[in-house]
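The chain contents come next:
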Amino acid sequence: MSAEPRPTAAPQRRWPISSVVLVTANVIPLLGVLAHHWTVFAVVLLYWCENVVVGVFNVLRMLWARPPDPVAQAGKIFLVPFFCVHYGGFAFVHGVFVFALFGGDFKQGGLGFTPHIVLTAIRQSGLGWALAALVASHGFSFLHNYLAGGEYRRVGLSQLMTQPYARVMVLHVAIIGGAFLVQALGSAVPALALLILLKTAIDLGAHMAERRRLGTLPPDQAVLATTSS
């Protein structure tokens, strides 16, 4: 008699630790809205600041990348400054719109958008801890996935050049569109909370997809993680 085939164990369902850190960091803005009644401007400003953080870490990724082609390696001399200028201009214009559309008292004539005004807005809106948590989340992913996980050996410079723009565009179409809706509802706390949850879900999906592309997360685990959310 042939032995009955033993059922294979189901693959373990778990998220990579960097995604847990990401979700934890995104809970802090939710607490800010629920406990401290953050305004639409505070939420949108926080996520604009996160875009600046994303750009800074992307520069570090480009500097640390090790493309096998010596020509591509030498191309960093041009690509890194080009990204700084191009993404910096993109973030600046984006920030001008954030302050012009939602800034309220911070719109001090003209563009109303200088480093001093940005820092003042962050301080007065009480965003320090939330911003620090988002910096820690992106920093952890850089250290854990990109450096320790060896992603710097597998990523291309062209991919690093375009990657932040896709994230910024998807997130902020949702965030700014949602912010207008929240303003129309009178800055209702439930609507802002829903907006933050939407941002977290989009952010998490993008993070998992990036880990899958760069080989940090096995394909079957990535599918399980995203389908179980």
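Residues numbered from 1 in each chain as written. Predicted model: local features only at pLDDT ≥ 70, side-chain atom pairs only at ≥ 80, totals over all residues. Heavy atoms only, no water.

Using the criterion set out here, one finds 10 aromatic pairs in the structure. Plain terms: the ring middles of Phe83 and Tyr165 are 6.2 Å apart, the flat faces sit at 80° to each other, and that makes the pair edge-to-face. Here Phe83 is found in helix α4 (residues 76-102), whereas its partner Tyr165 is found in helix α7 (residues 157-184), with 82 residues between them in sequence. Centre to centre, the rings of Tyr87 and Phe90 are 6.3 Å apart; their planes meet at 40°, and the pair counts as tilted. One end of the pair, Tyr87, and the other, Phe90, are both in helix α4, 3 residues apart, so they sit about a helical turn from each other. For Tyr87, a relative accessible area of 5% gives the class buried. In this structure Phe90 comes out as partly exposed when scored by relative accessible area, which is 27%. An aromatic cluster of three or more residues is present, and its members are Phe57, Phe142, Tyr146 and Tyr152. Across from the ring centre of Tyr146, 5.4 Å away, lies the NZ or CZ of Arg61, which sits over that ring. For Arg66, the ring lying beneath its charged end belongs to Trp64, and the centroid distance is 5.7 Å. (Phe/Tyr/Trp six-rings, centres within 6.5 Å; stacked < 30°, edge-to-face > 60°. Helix = DSSP H or I, 4+ residues; strand = E, 2+ residues; numbered from the N terminus. Buried < 20%, exposed > 50% of the residue type's maximum accessible area, 1.4 Å probe, protein only. Lys NZ or Arg CZ within 6 Å of the ring centre and 35° of its normal.)

On to the layout of surface pockets. In this structure, the largest pocket spans a volume of roughly 450 Å³. Taken together, 23 residues line the largest pocket, and the ones lying closest to its centre are Gln163, Arg167, Asp203, Ala206 and Glu210. Mapped by element, the contributors of at least two residues to the lining of the largest pocket are α1 (17-36), α2 (40-64), α6 (128-148), α7 and α8 (189-213). In terms of residue count, the dominant contributor to the lining of the largest pocket is α8 (8 residues). Residues belonging to the lining of the largest pocket are distributed by class as follows: 10 nonpolar, 7 polar and 6 charged. (1 Å grid on protein atoms, 1.4 Å probe; cavity = no way out; pocket = protein on both sides within 12 Å on 5 of 7 lines; lining within 4 Å. Points joined across faces, edges and corners; volume = space filled by probe spheres on them. Nonpolar A, V, L, I, M, F, W, Y, C, P; charged D, E, K, R; others polar.)

Two numbers describe how α1 lies on α6: the axes approach to 8 Å, and their chain directions differ by 170°. When the axis of α1 is compared with that of α6, the two are roughly antiparallel. Seen from α1, the contacting residues are Ile17, Ser18, Val21, Leu22, Ala25, Asn26 and Ile28; seen from α6, they are Trp129, Ala130, Ala133, Leu134, Ser137, Phe140, Ser141, His144 and Asn145. (Axes fitted to C-alpha atoms, helices over the stretch in contact; angles between N-to-C directions. Parallel < 35°, antiparallel > 145°, perpendicular 65-115°, else oblique. Contact = heavy atoms within 4.5 Å.)

Further remarks concern the environment of Ala121. In this fold, Ala121 is placed in helix α5 (residues 115-124). For Ala121, a relative accessible area of 0% puts it in the buried group. Sequence spacing of Ala121 and Ala42 is 79 residues, and the spatial spacing of their C-alpha atoms is 8.2 Å. Residues contacting Ala121, with those up to four places away along its chain left out, are Phe41, Leu45, Phe99 and Phe106.

Contact geometry of α1 with α8 gives a least axis separation of 10 Å together with a crossing angle of 170°. As far as their axial angle goes, α8 and α1 are roughly antiparallel. Judged by the twist between their axes, the crossing of α1 over α8 is right-handed. Contacts between α1 and α8 pair Ser18, Ser19, Leu22, Val23, Asn26, Pro29, Leu30, Val33 and Leu34 from the former with Val189, Leu192, Ala193, Ile196, Leu197, Lys199, Thr200, Asp203, Leu204, His207, Met208 and Arg211 from the latter. Considering only residue class, the contact of α1 with α8 consists of 13 nonpolar, 5 polar and 3 charged. (Left-handed = near helix turned anticlockwise from the far one by under 90°.)

What follows is about the nonpolar core. Residues Trp38, Phe41, Leu45, Leu46, Trp48 and Phe99 are the most contacted members of the largest nonpolar core, which totals 58 residues. Those elements that place two or more of their residues in this core are α1, α2, α4, α5, α6, α7 and α8. Considering each element in turn, this core owes the most residues, 15 residues, to α2. Every residue in contact with Leu45, bar those within four places of it in the chain, is listed here: Val98, Phe99, Ala121, Ile122 and Leu127. (Core = buried A, V, L, I, M, F, W, Y, C linked by side-chain atoms within 4.5 Å.)

Next up on the list: unusual backbone geometry. Glycine aside, residues mostly have negative phi angles, and peptide bonds mostly take the trans form. Even without being a glycine, His37 presents a positive backbone phi close to 55°. Residue placement: His37 occurs in the loop between α1 and α2.

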